[in-house]
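Take a look at the letters that make up each chain.
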Amino acid sequence: MKDSSATAVTAPLGVDPVCGMTVDLDHPKGGKIVYQGVEYGFCSPRCKARFEAEPHKFLVPKQPPPEAPPGTEWTCPMHPEIVRSEPGSCPICGMALEPLGVSLDERNPELDDMSRRFKVSLVFTVPVFLLGMSEILPGMPVQHAFGSLMPWIQLVLATPVVLWAGWPLFDRGWASIVNRSLNMFTLIALGTGVAYAFSVVATVAPGLLPDAMRNHGVVPVYFEPAAFIVSLVLLGQVLELRARARTRGALQALLGLTPKTARRIGTAGDEQDVPLAEVQRGDLLRVRPGEKVPVDGVVTAGASSVDESMVTGEPVPVHKESGSKVTGATVNGTGSLVVRAERVGEATLLAQIVRMVAEAQRSRAPIQRLADKVAGWFVPAVLAVAAVTFAGWLLAGPEPRFAHALVNAVAVLIIACPCALGLATPMSIMVGTGRGAGAGVLIRNAEALETLEKVDTLLVDKTGTLTEGKPRLVNAEAFAGFAADEVLRLAASLERASEHPLAQAVVKAALERGLALAEATDFASATGSGVSGKVDDRLVWVGSPRHLETARVPVAGARERAEELRAEGETALFVAIDGRLAGLLGLADPIKSTAPDALRQLREDGVRVAMITGDSRTTAQAVARKLGIEEVHAEVLPAQKGEVVARLRAEGRVVAMAGDGINDAPALAAADVGIAMGSGTDVAMESAGITLVKGDLRGIARARRLSRATLRNIRQNLFWAFAYNVIGVPIAAGVLYPAFGVLLSPMVASAAMSFSSVSVIANALRLRRVEI
């Protein structure tokens, strides 16, 4: 392969430079090439051969247009693997690309261009249409006035419509042939191109055409349908682009909630309003009554009620006081708050919500595979039907045979638009995930949304999911030779190095009792078991009996008392000091007030609920009895939670796992659907397919209702897209003509084609109002 003078590469590693498809370089279907020190993979041997023949053609540097902010990337809603640095059209389906990210000031150059072209086309199409009508209605004054000049006048008027206004349609049609990915623009370009080209020849050089093509000695022209089809397709593109923009409305509405400024408190106590971008982590911010909280943070002073409905979907304001966490974009009530900024910019919950939902909108649901399979053979099949239609009318149709053959073949090409079929799933996913975000249910990917409808078993972690996750110390008991306060002080000094909720509860209780904590050294943590280390030169162990037994500390004498605490719903922590059992700490974690109602809704919905926890069986059973849960998996180590999920799936169950901690991440990833509590850790949320912003289990019931509504909407779209083509193509081919004398005009076919795409999007937009 010859070298090239290209100096820039637009395709990053892992992207086919010819068609833009994402390629797994470890297993490329079309092979690999190392060119100018860069490794390229290809989706097919044809793409590889084209690159080898003309590498410079595919390595032309591309610059983002002035309308696009630096760094903006564009993708196709039907083929998210296509990513470009500038707006344009998808090389696979020809659809207009849309920005990957979301911003409040979203200019749409594609919509502006299509709108401009449609308006210009309309100016020329209307007179062409009126002139065409004059030919249908002999005797009209215009027919007598222009006579033989009529075809020339139509040529002059139709040419700007077809060649300028309709140029993007032909450009995409040609690209579909070059990329060997036939799509709707292939059919549109072929249909209008044939009608226009034939009409030009019939006007400029009619003598080149045989007499069989003449009607009463005159060769008919089809400038009117060519111009009319282009205008209707452009109108359909404008309506579609506007409707697609509306599907991003939920995310833009979320972004619009963020205030533009924050009132920062200086080191000297002075206050000033600063742009939100200047707020740094650790800054103290004043949130006055009625103002929006600017960033995620912790209240350090003041008390108020905060309306969090914009991110949680819950209308009841939440009381906040010193130590309470607040979320950016929520609305403060009547009190004044001082907030210490903890998460700013892209790290805020709102920014994460927008990012997760945007990613989900670009993901593909398994149900999309059906549409993908159909699209693979659809356009070639339509071309074959059009060819058969043309031949059938030409050989066996009534006079003028050629005119009937051409018109009906063009009608078949125009009406058989696969765009509605391709849009059926992505549009519903986009709107459905946006609707979920507004209700505090974040869908990470479309597969999770689809699978959730089929879930029959919900595995729920106890701490932080069924319970508040904020345990408190209710018992501190010491054994012979130790004092209760000393046991608590040493345990709290050690636990201060741990982030576990139980550890924080021990520390809080010690501080509330005025105990002076010491520094711990040689700290070690055994996940799911306990901690150990040195405090004041004394070796301290805190955790489960199993944890202490690894240090050869006998615990048999305290097991009976620990069992009594567990029977009351408390978690018992064993404390050992210098190799001797020193005491027991009993901690209680209150059940969430919303948990009973959430579980009731899920049971009524046919979901089997089971609890999983690393806590003791006695404590777990006590909580389960209060909630009416019959299936309990207790004393399960974090590594074993994934095994429980795998065992349930092996039994044929479709399992959803709900949890909030780092130790839940393996199980969340192993489940058919992982559901993370938004009040939990980032690791849990990254491992889950669905996140409940407020950590309220009732969100699972809402998510299931959303899943059903979205899948129902997708099935409706697919049905009508299939039905439209099954009915439309035969009618366009002329099957009704022998019995009823009915033929479908290409202009009517064009209107029906545009309507089909817009109707699919309109149906998807109904999800914005669905009750969940």
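Above this text is the structure in question.
Please read all numbers here as calculations on a predicted model, not as lab measurements.

What counts as what
- Residues numbered from 1 in each chain as written.
- Predicted model: local features only at pLDDT ≥ 70, side-chain atom pairs only at ≥ 80, totals over all residues.
- Heavy atoms only, no water.
- Helix = DSSP H or I, 4+ residues; strand = E, 2+ residues; numbered from the N terminus.
- Buried < 20%, exposed > 50% of the residue type's maximum accessible area, 1.4 Å probe, protein only.
- Contact = heavy atoms within 4.5 Å.
- Phe/Tyr/Trp six-rings, centres within 6.5 Å; stacked < 30°, edge-to-face > 60°.
- Lys NZ or Arg CZ within 6 Å of the ring centre and 35° of its normal.
- Pairing = 2+ DSSP bridges.
- Axes fitted to C-alpha atoms, helices over the stretch in contact; angles between N-to-C directions.

A. Structural context of the overall build of the protein chain. Of regular secondary structure, the protein chain possesses 27 helices and 27 strands. When each of the 772 residues of the protein chain is scored for burial, the buried share is 53%. Long-range pairs, those at least 24 residues apart, make up 65% of the contacts in the protein chain with a sequence separation of at least 6.

B. Just the packing of aromatic side chains, in detail. In this structure the tally under the stated criterion is five aromatic pairs. Consider the rings of Y196 and F223, whose centres lie 5.9 Å apart with planes at 70 degrees: the pair is edge-to-face. Of this pair, Y196 sits in helix α6 (residues 184-204) while F223 sits in helix α7 (residues 223-247), placing them 27 residues apart in sequence. Like F223, Y196 is buried. An aromatic cluster of at least three residues, connected via ring pairs, comprises F198, F390 and F402. The positively charged end of R117 is found above the aromatic ring belonging to W164, 4.7 Å away from the centroid.

C. Region of the structure containing the pairing of strand β21 (residues 570-577). Counted residue by residue, β21 has eight buried out of eight residues, so it is predominantly covered. Side chains of β21 alternate between two faces, with E570, A572, F574 and A576 and T571, L573, V575 and I577 buried alike. Examined bridge by bridge, strand β20 (residues 538-543) and β21 share four bridges and lie antiparallel to one another. Bridging from a neighbouring strand, W541 pairs with A576 of β21. One ladder, built from eight bridges, connects β21 with strand β22 (residues 580-588); its direction is antiparallel. Counted as the bridge partner of T571 is L587 from β22. Taken together, β21 and the strand that follows it, β22, pair antiparallel across an intervening segment of two residues, in which D578 is found at a positive phi of about 50 degrees.

D. Quick peek at the sheet that holds strand β16 (residues 457-461). On the basis of which strands lie adjacent, the open sheet formed by seven strands has the order β15-β27-β26-β25-β16-β23-β24 and mixed pairing. The open sheet has two edge strands, β15 (441-443) and β24 (631-633), and neither has a second partner. Taken over all neighbouring pairs, the strand axes of this sheet differ in orientation by 20 degrees on average, direction set aside. Sheet topology note: the strand β26 (residues 673-677)/strand β27 (residues 690-692) ladder contains three bridges and is parallel. In the strand pairing of β27, M677 is matched with L692.

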